[in-house]
Amino acid sequence: MKRVIIAALALGVFATAAAQEELTLRKCLEIGLERNYDIRIVRNEERISDNNATAANAGMLPTIALEAGYSGTLDNERTTPRDGDAWSDNGIYDQTFNAGVNLNWTLFDGLRIRTNHKRLREMQQMGAVRTRITIEDFVASLTAEYYNYIQQTLRLQNFRYAVALSRERLRITEARVHVGNFSRLDLLQARVDFNADSSKYMTQQELVSASRIRINELLANRDVNEKLCICDSVIEVNGGLRWEVLLDKTLEANASLLLAEHDNALAELDLKTVQARNYPYVNLTTGYGYTYNRFGNGTTQSRGTLGLNAGIRMGITLFDGNRRREQRNARIDIENAQLTRQQLEQSLRADLSNFWQAYRNNLEVIQLEQENLIAAKENYAIAMERYLLGDLPGIEMREAQKSLLDAEERILTAKYNTKVCEISLQQISGNVMTYME
C-alpha cells in the first residue's frame, strides 16, 4: 500500500511538471528583464534623466508669465504751500490695476547655461549606463543561480542514487545475516550508512528549494515557491575564452569604466560652472500690458496706459570671496575623478586576472575529475560483484560507494565553479548579454 501511495504521488508530481512550461536560460532572462523590480526601477530613473536633459531645464529658454495685480492706498493728505494757507484732504483712496505678459530671458551668463545643458546630457548618458549595469548584474546573477539550481538538482539525484545504493546494500546485508554469512555488526553499519545518506538527501532538498525560491524572486514571481521546469540537465562549460580578448573588451566596454568616464566629465563641467562667474551676465526683460490708475483727489480722476516695455540688464560679479576657493576644489575633484577611474581599471584588471586563473584551473580540474569518475565507476562495479559474492566486507563496499559519489560531487562542483568564473569574466568584459543569445 505504501508503495502504491508513493507511486501515485510521484506520478502526480510528474504530471504537474509536464504541464508546466519548460524554461531555458534565455526564457528565464527574457521574463526577468521584463518583470524584475530592480530593472523596472532603474529604467524609470533613466526616463527621469531623459526628461531632465532639455534646453528649458538648463535655462536656455525664456520664461513668459501672464500677470495681473491690484493695489489700493488710503491716505490723509496735508499740504502746506510756501504762500497761502495750508489745506488737508482726508480719505484719499488711490487704486491701481495692471495686467500683461512679461518675458525674462538670460542671454548670456558666462556660458553657465550651456555648461548646465552639457551636464544634463552627461547625466542622461549616465542613466543609460546605470541601467546597463543593473541589467548586466541581473543577467549574471540569474545565470549563476540558474546553473546553481541545475547543480543542486544533480546533487539531489546523486544523493537519491546514494540512498538507493545504501538501501540495496542494506537489503543484501539483511539477507546475508539471515543465512549466517554476515554478522549483526555488518547489518548495523549498513543501516547507519543508509540513514546517513537519507539525511543528506533530505538536507539537499532544502538547498534545491532555496535555489528555486531565489530564481522565482529574481523573476519577480508572486509565488516564490512556484515549481520550476528547467529543461537543462547538465552544466555546459565554455572552454574557449581567450585572455587577450577579455582584457581588450574590459578596457573598451566595461560599464563601470564608462560610468567613471562620465564622472570625470561632470567634474570638468563643475569647474566650468564656477569659472562662468568670471564673465558678465546679460538679462533681457520685456512685456506688454495695461495699467489703470484711479485717483482719489486731484484734477485727474483716472488714467489708463497700454503698451510695450523692454529693458536690458548687464553686470559682472567683481568679488564674492569664494570663487578662487571653489575653482581650486573643482580642479581637485577632477584629479580625484581621474584617480578613481585609474583605481577602478586596476581593480578590474585584478578581478579579471583572478577569475581567469580560477577558470583555467577549474578546466584542468574537470578533465582530471572526468578520469577519476571513470575509474571510480569501474572500481564500484568490481566492488559490487565481490560484495555480492561475499568476498568484500561491508566497510570496503561503503568506501567504494563513497569514492564514486565523491568523484561525481567533485566534477559537478568543478563544472559549476568553472561556469561561475566564466560568467564573471563575461560580466567584467561587458559580454554577459551573450547568454541571451
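Definitions and cut-offs
Residues numbered from 1 in each chain as written. Predicted model: local features only at pLDDT ≥ 70, side-chain atom pairs only at ≥ 80, totals over all residues. Heavy atoms only, no water. Helix = DSSP H or I, 4+ residues; strand = E, 2+ residues; numbered from the N terminus. Rg over C-alpha atoms; globule rule 2.2 N^0.38 Å. Buried < 20%, exposed > 50% of the residue type's maximum accessible area, 1.4 Å probe, protein only. Contact = heavy atoms within 4.5 Å. Areas by Shrake-Rupley, 256 points an atom, 1.4 Å probe, with all protein chains shown as cover. Lys, Arg positive; Asp, Glu negative; His and termini not counted. Charge placed at Lys NZ, Arg CZ, Asp CG, Glu CD. Axes fitted to C-alpha atoms, helices over the stretch in contact; angles between N-to-C directions. Parallel < 35°, antiparallel > 145°, perpendicular 65-115°, else oblique. Nonpolar A, V, L, I, M, F, W, Y, C, P; charged D, E, K, R; others polar. Pairing = 2+ DSSP bridges. pLDDT = per-residue confidence, 0-100. Phe/Tyr/Trp six-rings, centres within 6.5 Å; stacked < 30°, edge-to-face > 60°. Arc of directions from axis to C-beta. Salt bridge = Lys/Arg side-chain N within 4 Å of Asp/Glu carboxyl O. Expected span 1.5 Å × (residues − 1).

Visitor: Please give an account of the overall build of the chain that cites residues and values.
Guide: When helices and strands are counted, the chain shows ten helices and four strands. Each helix and strand of the chain, ordered N terminal to C terminal, gives the series α-α-α-α-β-β-α-α-α-α-β-β-α-α. Its C-alpha atoms give the chain a radius of gyration of 40 Å, more than 25% over the compact-globule value 22 Å for 437 residues. Overall, the C-alpha framework of the chain stretches about 150 × 55 × 35 Å when taken along its three principal axes. When each of the 437 residues of the chain is scored for burial, the buried share is 35%. For the chain, contacts bridging at least 24 residues in sequence account for 79% of all contacts bridging at least 6. A total accessible area of about 26,600 Å² is found for the chain, and carbon and sulfur atoms account for 52% of it. Averaging the locations of the 52 positively and 57 negatively charged side chains of the chain gives two centres separated by 1 Å.

Visitor: Could you give me a rundown of the packing of helix α7 (residues 243-253) against helix α8 (residues 255-275), with the residues and numbers involved?
Guide: Where α7 contacts α8, the two axes come as close as 6 Å, and the packing angle between them is 30°. The orientation of α7 with respect to α8, classified from their angle, is roughly parallel. For the pair α7 and α8, the contacting residues are T250, L251, E252 and A253 in the first and A255, L257 and L258 in the second. Here the contact of α7 with α8 is composed, by residue class, of five nonpolar, one polar and one charged.

Visitor: Describe the sheet that holds strand β4 (residues 302-315), and please don't skip the residues or the numbers.
Guide: With respect to topology, four strands assemble into an open sheet ordered β1-β2-β3-β4, the strand pairing being antiparallel. Here the strands that pair on one side only, and so sit at the sheet edges, are β1 (63-79) and β4. Adjacent strand axes in the sheet meet at a mean angle of 20° when their direction is disregarded. Bridging between strand β3 (residues 281-294) and β4 involves 14 bridges; their strand directions are antiparallel. In the sheet register, T285 faces β4, and the bridge partner there is G311.

Visitor: Quick one: what's the story with the confidence of the model for the chain, residue by residue and with numbers?
Guide: Summary statistics for the chain give a mean pLDDT of 88 and a share of 95% for residues scoring 70 or more. Of all helices and strands in the chain, the one with the weakest mean pLDDT is helix α1 (residues 2-19) (41), whereas helix α3 (residues 37-52) scores best (96). Counted against residues more than four places away or in other chains, residues 1-19, with its pLDDT under 50, gives one contact.

Visitor: Quick one: what's the story with the packing of aromatic side chains, residue by residue and with numbers?
Guide: For the coordinates displayed, the defined rule picks out three aromatic pairs. Judged by centre distance (5.5 Å) and plane angle (85°), the rings of Y146 and Y147 are edge-to-face. A centroid spacing of 6.0 Å and a plane angle of 50° characterise the contact between W243 and W356, whose relative ring orientation is tilted. In this pair, W243 is assigned in helix α7 and W356 in helix α9 (residues 323-389), connecting sequence segments 113 residues apart. Its relative accessible area of 26% is what places W243 among the partly exposed residues. A network of ring pairs unites the aromatic residues W243, W356 and Y359 as a single cluster.

Visitor: Which residues make up the side chain of N264, and what values go with them?
Guide: Take N264: it is sitting in helix α8. Apart from residues lying up to four places away in sequence, N264 is in contact with I334, A337 and Q338.

Visitor: Describe α7, naming the residues involved and giving the relevant values.
Guide: All of the buried residues along α7 are L246, L247 and T250. End-on, the buried residues of α7 take up no more than an arc of 95°, which puts them together on one face.

Visitor: Describe the pattern of salt bridges, with residues and values.
Guide: Opposite charge on two side chains makes pairing possible when the charged atoms of those side chains draw close. The final tally for this structure, using the stated rule, is 19 salt bridges. Put simply, R132 and E136 hold a salt bridge, and the shortest N to O gap is 2.7 Å. Here R132 pairs with E136, and both are found in helix α5 (residues 112-179), just four residues apart, close to one helical turn. Residue class for R132 comes out partly exposed when judged on its relative accessible area of 26%. Taking the shortest distance from any N to any O, the salt bridge between E369 and R410 comes out at 3.0 Å. Of the two residues, E369 sits in helix α9 while R410 sits in helix α10 (residues 394-428), which places them 41 residues apart along the sequence.

Visitor: Tell me what's going on with unusual backbone geometry, and back it up with residues and numbers.
Guide: Phi angles above zero are rare outside glycine, and L111 is one such case at about 70°. Note that L111 resides in the loop between β2 (87-108) and α5. The phi torsion at A220 lies on the positive side, around 60°, for a residue other than glycine. For A220, the location among the structural elements is in the loop between α6 (184-218) and α7. We classify A220 as buried; its relative accessible area is 13%.

Visitor: Could you give me a rundown of α8, with the residues and numbers involved?
Guide: Taking 1.5 Å per residue, 21 residues should reach 30 Å; α8 reaches 31 Å between its end C-alpha atoms and fits that length. Restricting attention to buried positions, one finds in α8 the residues A255, L257, L259, A260, H262, N264, A265, L266, A267, L269, L271 and V274. Tucked into the core, α8 has its buried residues touching α5, α7 and α9.

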